[in-house]
Amino acid sequence: MKSHTLLFFALVTVLSAQDKPKDPFIKDKKAAVAAAPASASPAVPADGVDPATPVVSEGQKNIQCLIESFILPQADYAALLDAPDGQDKLHANLLAAVKAGTARLDACHLITTRSGTRCVLECVDELIYPTEWTPADRAGFQYPTVFEMRQMGDHFEFEPTLDEESGAMTISQEFKRDRFSGFRLYKADTTLAGIPVAEVLARSSTSSCRMLPGFPTLIATLKDAQPGGLTLVFATLQVVPLRAPQAAPARRKGNLLITARVISLDRMKGWELLKKHAADGGACLAALKPLLAAKEATLEHIATITAESGVRSLHESGLIYPYGTEFSPPTEGVPAQPSDDPKKPGTPARLPGLAGTTYQENRSTGFRLEVETTASEDGAFAEMTLAPEYVSMTGNLKDKNWNEHYPELPLFSTQKTTTGYAQVIGTTALVGTLNPPGDTGANEHKDEGRVWLLFMDVKPE
């Protein structure tokens, strides 16, 4: 298996709006624009700054994407579509169904980015499973020799482009949600035990569509793991203009203090906070303070990096977890063979050989933050490129069809965001969510019903 180490130099290449991403479903993509008409989106204050304050630098604005997924019976979805103005009122009627208990919000993601920037959001369990095996021995036993990894959970990749003339936006996106159904025994000989093969419920939607800021748009319908169920995935884009104090700060050559803060809380409460304060990180963090005091929210991580403008930085805190990736299979014993020539000794017996580990890799767990912060010429804004990640080892893979003589396969959970955006220096920004995986099926992983919110502070030293 390949190393899981993230190459940050590749990250910057992926996120740069000036580079053309290699994406098979984007054609004739428009260049990112600097601004949109005032009618495109209502002026949203960023980080609690007075909306009447003039903008210091032109073109400083972000785009936030809120992803909501709802589960309901297929018949209920058909009824909503067939109702008067069903398509136009679909999202509103879904919210009413959630309130009535006939539909359920099963995921809520948020990510902040810029026009023309490609972003990735992952909330996954990493399923390691065998793809090649040794030849069968006399008892039909086969041992795995080659492994692959597939992500179980939510994977969202998208790029928004703001239309300068109309104020509309185009989003090119891929939403994937895979779920592990368990191992099934596959038999080359029906009289033998067979080998376990992974069964995965694979669901994805890849498209490009136009959207109006502030209006939820259905981007995917996915089959649910439960019979007769359906998952509807909505995306809502919002333009967030950034405003700085009227008096431009003096140009500084000092360091920047970059602080990441991750806070978790109940999904429904987090959903309400995102709908109310997504564009204002300071107000959202202030609303969380009473919940933290009441232990209704949890501070999961906090870390500060001191760095110069324009310099890539890295923070890591967690255990290194070694695990085997290559193995030697067990071998059969060979009885002694007497010699036909009395002058030559016979072949001694060879005892059966046990399986062993021949190569291992190391995986970094815990919280990891790669970031590059570049201050603007006037010292008011910071261009942010970052990849926060949280990895946990949740135990070895378990399944009724996984033979006790097979290797131990670790199950890693990954919560990760890769994005680029702008931020007013001296403020707190809500970058988005860093959620744990939902109902992935791996090791019977169930949905925790939690939202993790990622805040970033950027202050001059």
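Small disclaimer: the values here were computed from a predicted structure and weren't measured. (Residues numbered from 1 in each chain as written. Predicted model: local features only at pLDDT ≥ 70, side-chain atom pairs only at ≥ 80, totals over all residues. Heavy atoms only, no water.)

Q: Can you help me understand the overall build of the chain in this one?
A: Looking only at helices and strands, the chain has 5 helices and 19 strands in total. Sorting the 461 residues of the chain into buried and exposed places 49% on the buried side. Contacts in the chain between residues far apart in sequence, at least 24 positions, make up 74% of those at least 6 positions apart. Carbon and sulfur atoms form 52% of the exposed surface of the chain, whose accessible area is close to 22,600 Å². (Helix = DSSP H or I, 4+ residues; strand = E, 2+ residues; numbered from the N terminus. Buried < 20%, exposed > 50% of the residue type's maximum accessible area, 1.4 Å probe, protein only. Contact = heavy atoms within 4.5 Å. Areas by Shrake-Rupley, 256 points an atom, 1.4 Å probe, with all protein chains shown as cover.)

Q: What am I meant to see in the nonpolar core here?
A: Nonpolar side chains in soluble globular proteins tend to end up buried together. Ranked by size, the top nonpolar core spans 31 residues in total, and within it Leu94, Leu288, Leu453 and Phe455 carry the most contacts. Excluding residues that lie within four positions of it along the chain, Phe455 makes contacts with Thr259, Ala260, Arg261, Ile263, Gly281, Cys284, Leu285, Leu288, Thr428, Ala429 and Leu430. (Core = buried A, V, L, I, M, F, W, Y, C linked by side-chain atoms within 4.5 Å.)

Q: Would you take a moment to explain the packing of aromatic side chains for this structure?
A: Taken as a whole, this structure holds 13 aromatic pairs when the rule is applied. An aromatic cluster is built from Trp133, Phe141, Phe180, Phe183, Trp402 and Tyr406, whose rings are joined through pairwise contacts. A cation over a ring is seen here: Lys275 above Trp271, with NZ or CZ 3.8 Å from the ring centre. Stacked on the ring of Phe412, the Lys or Arg Arg363 has its end atom at 5.0 Å from the ring centre. (Phe/Tyr/Trp six-rings, centres within 6.5 Å; stacked < 30°, edge-to-face > 60°. Lys NZ or Arg CZ within 6 Å of the ring centre and 35° of its normal.)

Q: Before we go on, may I ask you to explain helix 3 (residues 90-100) in this structure?
A: Because an α-helix packs 3.6 residues into every turn, residues spaced three or four apart end up facing the same way. Buried within helix 3 we find Leu90, His91, Leu94, Ala97 and Val98. Taken end-on, helix 3 shows its buried residues confined to a sector of 110°, consistent with a single buried face. Exposed side of helix 3, more than 90 degrees from the buried face: Lys99 and Ala100 are the residues found there. At its buried positions, helix 3 is contacted by strand 1 (61-73), helix 2 (74-82), strand 2 (104-113), strand 8 (217-223), strand 9 (229-241) and helix 4 (267-277). Directly after helix 3, the chain includes Gly101, whose backbone phi takes a positive value near 90°. (Arc of directions from axis to C-beta.)

Q: Help me out: how do you make sense of the pairing of strand 3 (residues 119-133) in this one?
A: Regular strands show a simple pattern: their side chains alternate between the two faces of the sheet. Most of strand 3 is tucked away, with 13 of its 15 residues classed as buried. Where strand 3 lies against strand 4 (residues 144-162), 14 bridges are found, and the strand directions are antiparallel. Across the sheet, Cys119 pairs through a bridge with Phe158, a residue of strand 4. Taken together, the 7 bridges between strand 3 and strand 17 (residues 410-424) define a ladder with antiparallel strand orientation. Residue pairing for strand 17: Asp125 is matched across the bridge by Ser413. (Pairing = 2+ DSSP bridges.)

Q: I'm lost on the confidence of the model for the chain in this one. Help?
A: Predicted coordinates in areas of low pLDDT are best not read in detail. Summary statistics for the chain give a mean pLDDT of 86 and a share of 85% for residues scoring 70 or more. Across residues 2-57, confidence stays below pLDDT 50; counting only partners more than four residues off in sequence or on other chains, it has 120 contacts. (pLDDT = per-residue confidence, 0-100.)

Q: How should the side chain of His301 be read in this particular structure?
A: In this structure, His301 sits in strand 11 (residues 297-307). Residue class for His301 comes out buried when judged on its relative accessible area of 18%. Beyond its immediate stretch of four places on either side in the chain, His301 contacts Ala260, Arg261, Val262, Phe367, Tyr390 and Trp452.

Q: What's the story with the packing of helix 2 against helix 3 in this structure? I'm lost.
A: Helix-helix packing is characterised by the crossing angle of the two axes and by the distance between the axes. Between helix 2 and helix 3, the least distance of the axes is 10 Å, while the angle of their chain directions is 135°. Accordingly, the angle class assigned to the pair helix 2 and helix 3 is oblique. When the axes of helix 2 and helix 3 are compared, the crossing they make is right-handed. Contacts from Tyr77, Leu80 and Leu81 in helix 2 reach Leu90, Asn93 and Leu94 in helix 3. Residues of the contact of helix 2 with helix 3, tallied by class, amount to 5 nonpolar, 1 polar and no charged. (Axes fitted to C-alpha atoms, helices over the stretch in contact; angles between N-to-C directions. Parallel < 35°, antiparallel > 145°, perpendicular 65-115°, else oblique. Left-handed = near helix turned anticlockwise from the far one by under 90°. Nonpolar A, V, L, I, M, F, W, Y, C, P; charged D, E, K, R; others polar.)

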